[in-house]
Amino acid sequence: MTLLETLDDYLRFLKYEQGASLSTYKTYHSNLYSFHRWLVENGYPVPTLNEFNATVIRRYFYFVSSKGVRPRTVHGYIIPLRSFGEFLLKHGIQTDNPAKTIRLPKKDAAIRMETSEEEILALLQAAQRQRNQKKAAFQRAVLAVLVYTGLRRAEVCDLKLNHADLTGGWLLVQSGKGSKSRKVPL
């Protein structure tokens, strides 16, 4: 069995059995395929599960780390490999998880850039200047929800009209982080 076939099985498991969010699924898919691409480009034309070992994963870790990315980005590349290794263990495909042998760097603090009130007002005013009044109203509404509720971008994109209770003054976030729903005051 090739590594690619096993990665596909794992991604189906993640999506259908684990119920991972779309964002998690896409991130794991991208980073696992990045590992596979790296293997192909580094002397393993058709990688098998034999290449999923501590030595090869460590070389990949060094490659990712050498790109000058932040420690939290390095985590993003290696954590899906650890999760894949756990999948292999759980299903009796391997007897150990070689990705767990990699010691990850200490995570750096998240960079949270603040937006000034002037910048927010400028965005709202720019939306107001749209020629199409429906588009202007829509853009102002989306910006207002982002600014005043603190919802994540993906949560705002998933909102439906029936998720808003204007008389009660709340929004229903159907599938927030961790696929949990919650009510958010407007």
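The structure under discussion appears in the preceding block.
Note on numbering: residues in each chain are counted from 1, in written sequence order. At least 70 in pLDDT is required for a residue's local features to be given in this predicted model, at least 80 for side-chain atom pairs to be given and counted, and no such filter applies to totals for whole chains, interfaces and linings, which use all residues. Side-chain metrics rest on all non-hydrogen atoms present in the structure, leaving aside hydrogens and water.

Chemist: How do you make sense of the overall build of the protein when you look at a structure like this?
Modeler: Numbering goes from the N terminus for both helices and strands, where a helix is a DSSP run of H or I of at least four residues and a strand is a run of E of at least two. Helix and strand counts for the protein stand at seven helices and three strands. Counting only C-alpha atoms, the protein reaches 60 × 35 × 30 Å along its principal axes. Across the 186 residues of the protein, 30% fall into the buried class. The contact criterion used is simple: two residues touch if any of their non-hydrogen atoms lie within 4.5 Å. Taking as baseline every contact in the protein between residues at least 6 positions apart, the subset at least 24 positions apart corresponds to 50%. Only the protein chains shown count as cover for residues, and all accessible areas are computed by the Shrake-Rupley method using a 1.4 Å probe. A total accessible area of about 12400 Å² is found for the protein, and carbon and sulfur atoms account for 54% of it. Looking at the protein, you have 28 positive and 16 negative side-chain charges, and the mean spots of the two groups are 4 Å apart. Only protein chains enter the accessibility calculation, which uses a 1.4 Å probe; a residue is then buried when its area is under 20% of its type maximum, exposed when over 50%, and partly exposed in between. Under this rule, positive means Lys or Arg and negative means Asp or Glu; His and the chain ends count for nothing. Taken as the charge location is NZ of Lys, CZ of Arg, CG of Asp or CD of Glu.

Chemist: Help me understand the side chain of histidine 75 in this model?
Modeler: Its location among the elements puts histidine 75 in helix 4 (residues 71–90). Here a polar contact is taken to be a pair of N or O atoms separated by no more than 3.5 Å, where protein atoms must pair a possible hydrogen donor with a possible acceptor and residues adjacent in sequence count only if both atoms sit in side chains. There is a polar contact of 2.7 Å between the side chain of histidine 75 and the backbone oxygen of proline 105. When near neighbours in sequence (up to four residues on either side) are disregarded, histidine 75 contacts Pro80, Leu104, Pro105, Lys106 and Lys107.

Chemist: Please clarify how a nonpolar patch on the surface should be interpreted in this entry.
Modeler: Taken together, Leu146, Val147 and Tyr148 make up a surface patch of nonpolar side chains, about 270 Å² in accessible area. Within the secondary structure, tyrosine 148 sits in helix 6 (residues 133–149). Exposure above 30% relative accessible area and the absence of a salt bridge qualify a residue for a patch, where like charges join within 9 Å and nonpolar side chains (Val, Leu, Ile, Met, Phe, Trp, Tyr) within 5 Å. Take a side-chain nitrogen of Lys or Arg and a carboxyl oxygen of Asp or Glu: if they are within 4 Å of each other, that pair is a salt bridge.

Chemist: I'm lost on helix 1 (residues 3–17) in this one. Help?
Modeler: Residues lying three or four places apart along an α-helix face the same way, a consequence of the helix completing one turn every 3.6 residues. With 15 residues, helix 1 extends 20 Å between its outermost C-alpha atoms, agreeing within 8% with the 21 Å of an ideal straight helix rising 1.5 Å per residue. Turning to helix 1, its buried residues number three or more, namely Leu3, Thr6, Leu7, Tyr10, Leu11, Phe13 and Leu14. Considered in projection along helix 1, the buried side chains sweep an arc of 155° and stay on one side of the axis. Turned more than 90 degrees off the buried face of helix 1, the exposed positions are Tyr16 and Glu17. Looking at the buried positions of helix 1, the neighbouring elements they touch are helix 2 (22–41) and helix 4. Glycine 19 sits one or two positions beyond helix 1 and adopts a positive phi of about 70°. Take the number of residues in a helix, subtract one, and multiply by 1.5 Å to get its expected span. Here the arc refers to the set of directions running from the helix axis out to each C-beta atom.

Chemist: I would appreciate a short explanation of helix 2 in the present structure.
Modeler: With 20 residues, helix 2 extends 28 Å between its outermost C-alpha atoms, agreeing within 8% with the 28 Å of an ideal straight helix rising 1.5 Å per residue. Within helix 2 the residues assigned to the buried category are Tyr25, Tyr28, Asn31, Leu32, Ser34, Phe35, His36, Trp38 and Leu39. Looking at the packing, one finds that the buried side of helix 2 touches helix 1, helix 3 (54–65) and helix 4. Looking at the residues trailing helix 2, positive phi occurs at glycine 43, about 95°.

Chemist: Looking at this structure, I do not really get the side chain of asparagine 97. What am I missing?
Modeler: Locating asparagine 97 in the fold gives a position in the loop between helix 4 and helix 5 (117–128). At 3.0 Å, the side chain of asparagine 97 and the backbone oxygen of arginine 82 are in polar contact. Among the polar contacts listed, one links the side chain of asparagine 97 to the backbone nitrogen of alanine 99, at a separation of 3.1 Å.

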